[in-house]
Amino acid sequence: MKLKVNTIITLENNKRYVVLNETTWQEKKYFLVMEVAANKEVIPENVAIFESIEDISATFIEKVNDPEMITLLTNQLKAQL
């Protein structure tokens, strides 16, 4: 499954996120996401950036934790607005 903006994804831990925006950096795709509660209300305190890792049969995501990378990607995402 490829990630798309304005869709809700569910992780293996059953946390749900809405995909708000996407960007590409050094040929890798990154997605700005916000957690969604069971009632489909967004949880604005829980925003993250996920890296998309595509395999032949599936798409995996990994949360970006490096502060420098988060700053770089945030600036790139803001420039796209």
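Residues numbered from 1 in each chain as written. Predicted model: local features only at pLDDT ≥ 70, side-chain atom pairs only at ≥ 80, totals over all residues. Heavy atoms only, no water.

Asks: Even after reading the chapter, I still don't get the packing of aromatic side chains, so can you show me in this structure?
Replies: Each aromatic ring pair is characterised by the separation of its centres together with the angle its planes make. All told, the structure shown has one aromatic pair when counted by the stated rule. When the ring of Y17 is compared with that of F50, the centres are 5.1 Å apart and the planes differ by 75 degrees; the resulting orientation is edge-to-face. Taken as a pair, Y17 in strand 2 (residues 16-25) and F50 in strand 4 (residues 42-54) lie far apart in primary sequence, 33 residues in all. Assessed through its relative accessible area of 6%, Y17 is described here as buried. Its relative accessible area of 5% is what places F50 among the buried residues. (Phe/Tyr/Trp six-rings, centres within 6.5 Å; stacked < 30°, edge-to-face > 60°. Helix = DSSP H or I, 4+ residues; strand = E, 2+ residues; numbered from the N terminus. Buried < 20%, exposed > 50% of the residue type's maximum accessible area, 1.4 Å probe, protein only.)

Asks: Looking at this model, I keep getting lost on the sheet that holds strand 4. Mind explaining?
Replies: The strand order across the open sheet formed by five strands is 1-2-3-4-5, and the pairing between neighbours is antiparallel. Since the sheet does not close on itself, it has two edges, and those belong to strand 1 (8-10) and strand 5 (59-63), each with one partner. Here the strands of the sheet are splayed against their neighbours by 45 degrees on average, with no regard to which way each runs. In the sheet, strand 2 pairs with strand 3 (residues 28-36) via nine bridges, with the strands oriented antiparallel. Residue pairing across strands places T23 opposite Y30, the latter belonging to strand 3. Lying over the sheet, helix 1 (residues 67-79) contacts strand 2, strand 3 and strand 4, oriented at roughly 85 degrees with respect to strand 2. (Pairing = 2+ DSSP bridges. Axes fitted to C-alpha atoms, helices over the stretch in contact; angles between N-to-C directions. Contact = heavy atoms within 4.5 Å.)

Asks: Where do I start with helix 1 in this structure?
Replies: One turn of the α-helix equals 3.6 residues, which is why residues spaced by three or four share an orientation. Taking 1.5 Å as the rise per residue, helix 1 with 13 residues should run 18 Å; its terminal C-alpha atoms sit 18 Å apart, in good agreement. Along helix 1, the residues classified as buried are M69, L73 and L77. Relative to the axis of helix 1, the buried residues are bounded by an arc of 65 degrees and lie together on one face. Facing away from the buried side of helix 1, by more than 90 degrees, are the exposed residues P67, E68, K78 and A79. (Expected span 1.5 Å × (residues − 1). Arc of directions from axis to C-beta.)

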